[in-house]
Amino acid sequence: MTEYFITHETPIDDAVLNTIAHIPTEHLPKLVAPAFFQKLADKDFMRIGTLLAQKSFDEGGCPIGGVIIDGKRQIIGKGHNTLGQENDSTTHGETAALRDAGRVAKLRGEGPVDFRRTTLFTTLTPCEVCCAQIKHRCNFKKVVIGDVTNAPSTEPILRAGDNGIGTVVILEDPQAVALYKEYVAKRPDLNLIDWRGHKELDKAIQAGEVPATFAARAGRLAGMSITSASVAMISLLSGN
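Notes on the structure follow. In this text the structure is predicted, and so the values were computed from the model without any measurement.

What counts, and at which threshold
Residues numbered from 1 in each chain as written. Predicted model: local features only at pLDDT ≥ 70, side-chain atom pairs only at ≥ 80, totals over all residues. Heavy atoms only, no water. Salt bridge = Lys/Arg side-chain N within 4 Å of Asp/Glu carboxyl O. Buried < 20%, exposed > 50% of the residue type's maximum accessible area, 1.4 Å probe, protein only. Pairing = 2+ DSSP bridges. Helix = DSSP H or I, 4+ residues; strand = E, 2+ residues; numbered from the N terminus. Axes fitted to C-alpha atoms, helices over the stretch in contact; angles between N-to-C directions. Contact = heavy atoms within 4.5 Å. Phe/Tyr/Trp six-rings, centres within 6.5 Å; stacked < 30°, edge-to-face > 60°. Parallel < 35°, antiparallel > 145°, perpendicular 65-115°, else oblique. Nonpolar A, V, L, I, M, F, W, Y, C, P; charged D, E, K, R; others polar. 1 Å grid on protein atoms, 1.4 Å probe; cavity = no way out; pocket = protein on both sides within 12 Å on 5 of 7 lines; lining within 4 Å. Points joined across faces, edges and corners; volume = space filled by probe spheres on them.

1. A look at the pattern of salt bridges
Reasoning step 1: Summed over all chains, the structure comprises 16 salt bridges.
Reasoning step 2: For D44, the salt bridge is made with K43, and the minimal N-O distance between the two is 3.3 Å.
Reasoning step 3: Residue classification places D44 among the buried residues on the basis of a relative accessible area of 8%.
Reasoning step 4: Accessibility expressed as a relative area gives 54% for K43, which makes it exposed.

Listed below in structure tokens is the structure:
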């Protein structure tokens, strides 16, 4: 009989959910009783996503987390955005969870994952690129969104068309909303690059909506001379 680290009797709290967020997905079946996952509500899986977002934020990245569960409410994939950590503009919270699910399936000797009977939890409303992946590549049975306060809801995009997601639920996590708001205030450059690319960052700087020092931090400064960029970088390093 398997002796689980987290059992059906284990209380549901942020400490336990944070532990689950940090355990590699392939080890969860050995450490967490299936019955524990089965008693989790959608808000609990969303909180795991939020704790993954917090992990990313603490690493200097974008605080967006994703969790995928199967029909038995077991976690099959999870992850977070890695733009800040790895300069990877393709790995959003949703795609990180997708890649993780595929990686774990590969470890079990299985082929590509069929996501049509699974549920995706994402702490922030998906961008249009992720919406396409969610709809056309994966066609999830259900998508749960944890924050439509800090970005326009893409629920209509997810629902539209022949491949539209049948069930899209807005289940805002106050902790996720507060965390992303803090992040946007601290790193408007990464927020703009992650959503729209450097072009939108340039526009925001030229409009005076984002200080020029953030462009130097992002590694480029369109429309400025080398001297001006150097001044901006010196200002950034000096804390002015």
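2. So, the sheet that holds strand β3 (residues 119–122)
Reasoning step 1: The sheet built from five strands is open, its strands ordered β2-β1-β3-β4-β5 with mixed pairing. What marks the edges here is a single partner per strand, and that holds for β2 (75–80) and β5 (167–170). Shown here is a sheet whose adjacent strand axes are inclined to one another by a mean of 15 degrees, direction ignored.
Reasoning step 2: Direction of pairing for strand β4 (residues 142–145) relative to β5: parallel, over a ladder of four bridges. In the sheet register, V144 faces β5, and the bridge partner there is V169.
Reasoning step 3: Packed on one face of the sheet, helix α4 (residues 42–58) meets β1 (65–69), β2, β3 and β4 and runs near 145 degrees to β1.

3. Details of the packing of aromatic side chains
Reasoning step 1: The full count for this structure, using the stated rule, is five aromatic pairs.
Reasoning step 2: Relative to F37, the ring of F36 lies with its centre 6.3 Å away and its plane at 70 degrees, an arrangement referred to as edge-to-face. Across this residue pair, the class does not change: F36 and F37 are buried.

4. A look at the packing of helix α9 (residues 174–186) against helix α10 (residues 188–196)
Reasoning step 1: One way to put it is that α9 packs onto α10 with a least axis distance of 5 Å and a crossing angle of 105 degrees. Judged by the inter-axis angle, α9 sits roughly perpendicular to α10. On α10, the residues that touch Y180, Y183, V184, A185 and K186 of α9 are P188, L190, N191 and W195.
Reasoning step 2: When grouped by side-chain class, the residues that make up the contact of α9 with α10 number seven nonpolar, one polar and one charged.

5. Some words on empty space enclosed by the protein
Reasoning step 1: Taken as a whole and judged by the stated rule, the model has one cavity of 30 Å³ or more.
Reasoning step 2: The computed volume of the largest cavity comes to approximately 60 Å³.
Reasoning step 3: I64, H92, G93, E94, L124, T125, P126, C127, D194 and W195 together form the lining of the largest cavity.
Reasoning step 4: Each residue belonging to the lining of the largest cavity can be placed in one class, and the counts come to five nonpolar, three polar and two charged.

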